[in-house]
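Listed below, chain by chain, are the residues.
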Amino acid sequence: MTGRSQLTLVETKLFLRDPTAVFFVIALPVMLLGIFHIITTNSDDTPDRKLAMAAFVPAMAMSMCLTMLSLNLLPTTLATYREKGILRRMAASPVHPVNLLLAQLVINLATAVVAAVLVLGVGRFAFDTALPEQVPAFLLTFALGAWALFSVGLVVAAMAPGSRAATSIGLSLLFPSLFFGGVFLPKEQLPDTVATIGDYTPLGATLQALRDSWEGHWPQTLHLVVLATVGVLCSVLASRLFRWQ
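This is a predicted model, so every value here is computed, not measured. (Residues numbered from 1 in each chain as written. Predicted model: local features only at pLDDT ≥ 70, side-chain atom pairs only at ≥ 80, totals over all residues. Heavy atoms only, no water.)

Participant: I tried to follow the overall build of the protein chain on my own but got confused; where do I start?
Facilitator: Per the secondary structure count, the protein chain includes 10 helices and zero strands. Counted from the first residue to the last, the protein chain has its helices and strands arranged as α-α-α-α-α-α-α-α-α-α. Within the protein chain, the proportion of its 245 residues that are buried is 50%. The long-range fraction of contacts in the protein chain, counting pairs at least 24 apart against all pairs at least 6 apart in sequence, stands at 78%. Carbon and sulfur atoms form 68% of the exposed surface of the protein chain, whose accessible area is close to 11,900 Å². (Helix = DSSP H or I, 4+ residues; strand = E, 2+ residues; numbered from the N terminus. Buried < 20%, exposed > 50% of the residue type's maximum accessible area, 1.4 Å probe, protein only. Contact = heavy atoms within 4.5 Å. Areas by Shrake-Rupley, 256 points an atom, 1.4 Å probe, with all protein chains shown as cover.)

Written out as structure tokens, the structure reads:
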């Protein structure tokens, strides 16, 4: 086993020791799926409305998982390591801190994939929720959404001097993202100005593109371009701003 693999294994064990983080990131999307299933089942909505919600809810749950990982767990963990001097000490060892950064990205991406698989599996077999009709579009959107949102999280981690600052910055970005991204209400129920702003946010673009893939449509070019642009710009910005001590 290489040093990078050993480091990833150790970081995974440390991540799993925080049951609160694991619960909110993995269990919360599945709980949301169940809650919305109960609500829609007992509602008097039209069949078209219920069909739209069947695509919105799992897409919303996955988007929330990616957002919570990128704006909460990832930057707070990296800022804590910097605050405690772990990154500085690793920079003087054979295990370069870049490996720690890569390990954290792998762990967070793997967690997002596990949550997505659970949403798909539980939704299909427990709640009879349809799977995405456009599988290539779904996979592309999930990958681009993870890249864009994680890159934003890396910028937060690069800017925050410590864990408290990282948490504060992450939360200050999280709630506006949920509002403009169409998590609290589907895009079609939002005011036009709010919905338009949401199209240009990484969470909003991810959510809408996932909904399109669920409904059998190819995602809008605007949403894919937004995700790719955010991913490139924030990745470059994070690499320029990130410091190990």
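Participant: Looking at this structure, I do not really get the packing of helix 9 (residues 202–214) against helix 10 (residues 221–241). What am I missing?
Facilitator: The packing of two helices is summarised by the inter-axis angle and the distance between the axes. With their axes 9 Å apart at the nearest point, helix 9 and helix 10 run at an angle of 140 degrees to one another. The orientation of helix 9 with respect to helix 10, classified from their angle, is oblique. You can see that helix 9 and helix 10 cross each other, and the crossing is left-handed. Across the interface between the two elements, Pro202, Ala205, Thr206, Gln208, Ala209 and Asp212 from helix 9 touch His223, Val226, Leu227 and Val230 from helix 10. When its residues are assigned to classes, the contact of helix 9 with helix 10 shows six nonpolar, three polar and one charged. (Axes fitted to C-alpha atoms, helices over the stretch in contact; angles between N-to-C directions. Parallel < 35°, antiparallel > 145°, perpendicular 65-115°, else oblique. Left-handed = near helix turned anticlockwise from the far one by under 90°. Nonpolar A, V, L, I, M, F, W, Y, C, P; charged D, E, K, R; others polar.)

Participant: Is there a simple way to think about the packing of aromatic side chains in this case?
Facilitator: Note on aromatic pairs: each is described by the distance of the centres and the angle between the planes. The tally for this structure, following the rule as stated, stands at three aromatic pairs. Each ring, one from Phe138 and one from Trp214, has its centre 5.6 Å from the other, and the planes form 85 degrees; the classification is edge-to-face. Separated by 76 residues along the polypeptide, Phe138 in helix 6 (residues 135–159) and Trp214 in helix 9 bring together distant segments of the chain. We classify Phe138 as buried; its relative accessible area is 8%. Residue class for Trp214 comes out buried when judged on its relative accessible area of 4%. Ring centres 5.1 Å apart and planes at 75 degrees place the aromatic pair Phe179 and Phe180 in the edge-to-face group. One aromatic cluster is present, built from ring pairs that chain together Phe138, Phe142 and Trp214. (Phe/Tyr/Trp six-rings, centres within 6.5 Å; stacked < 30°, edge-to-face > 60°.)

Participant: Looking at this structure, I do not really get helix 10. What am I missing?
Facilitator: Because each turn of an α-helix spans 3.6 residues, side chains separated by three or four positions in sequence point in the same direction. A rise of 1.5 Å per residue sets the reference length of helix 10, with its 21 residues, at 30 Å; its end C-alpha atoms lie 30 Å apart and thus fit the reference within 8%. As for helix 10, its buried residues are in contact with helix 6, helix 8 (192–199) and helix 9. (Expected span 1.5 Å × (residues − 1).)

Participant: Is there a simple way to explain the packing of helix 6 against helix 9 in this structure?
Facilitator: Where helix 6 contacts helix 9, the axes come no closer than 9 Å and their chain directions differ by 170 degrees. Between helix 6 and helix 9, the interaxial angle falls into the category roughly antiparallel. Packed against helix 6, whose contacting residues are Ala137, Phe138, Thr141, Phe142, Gly145, Ala148, Leu149 and Val152, the element helix 9 presents Pro202, Leu203, Thr206, Ala209, Leu210, Ser213 and Trp214 at the interface. Partitioning the contact of helix 6 with helix 9 into residue classes produces 11 nonpolar, four polar and no charged.

Participant: Just checking my understanding: could you explain helix 9 for this structure?
Facilitator: With 13 residues, helix 9 extends 18 Å between its outermost C-alpha atoms, agreeing within 8% with the 18 Å of an ideal straight helix rising 1.5 Å per residue. Extensive coverage of helix 9 is indicated by the burial of 13 of its 13 residues. In the stretch just after helix 9, Gly216 is the one whose phi turns positive, near 90 degrees.

Participant: Teacher, can you tell me more about the side chain of Ser177 here?
Facilitator: Tracing the backbone shows Ser177 in helix 7 (residues 163–180). Among the polar contacts made by the side chain of Ser177, one reaches the main-chain carbonyl oxygen of Leu173 at a distance of 2.6 Å. Setting aside chain neighbours within four positions, we find Ser177 in contact with Leu71 and Leu203. (Polar contact = N/O pair within 3.5 Å; in protein donor to acceptor, adjacent residues only side chain to side chain.)

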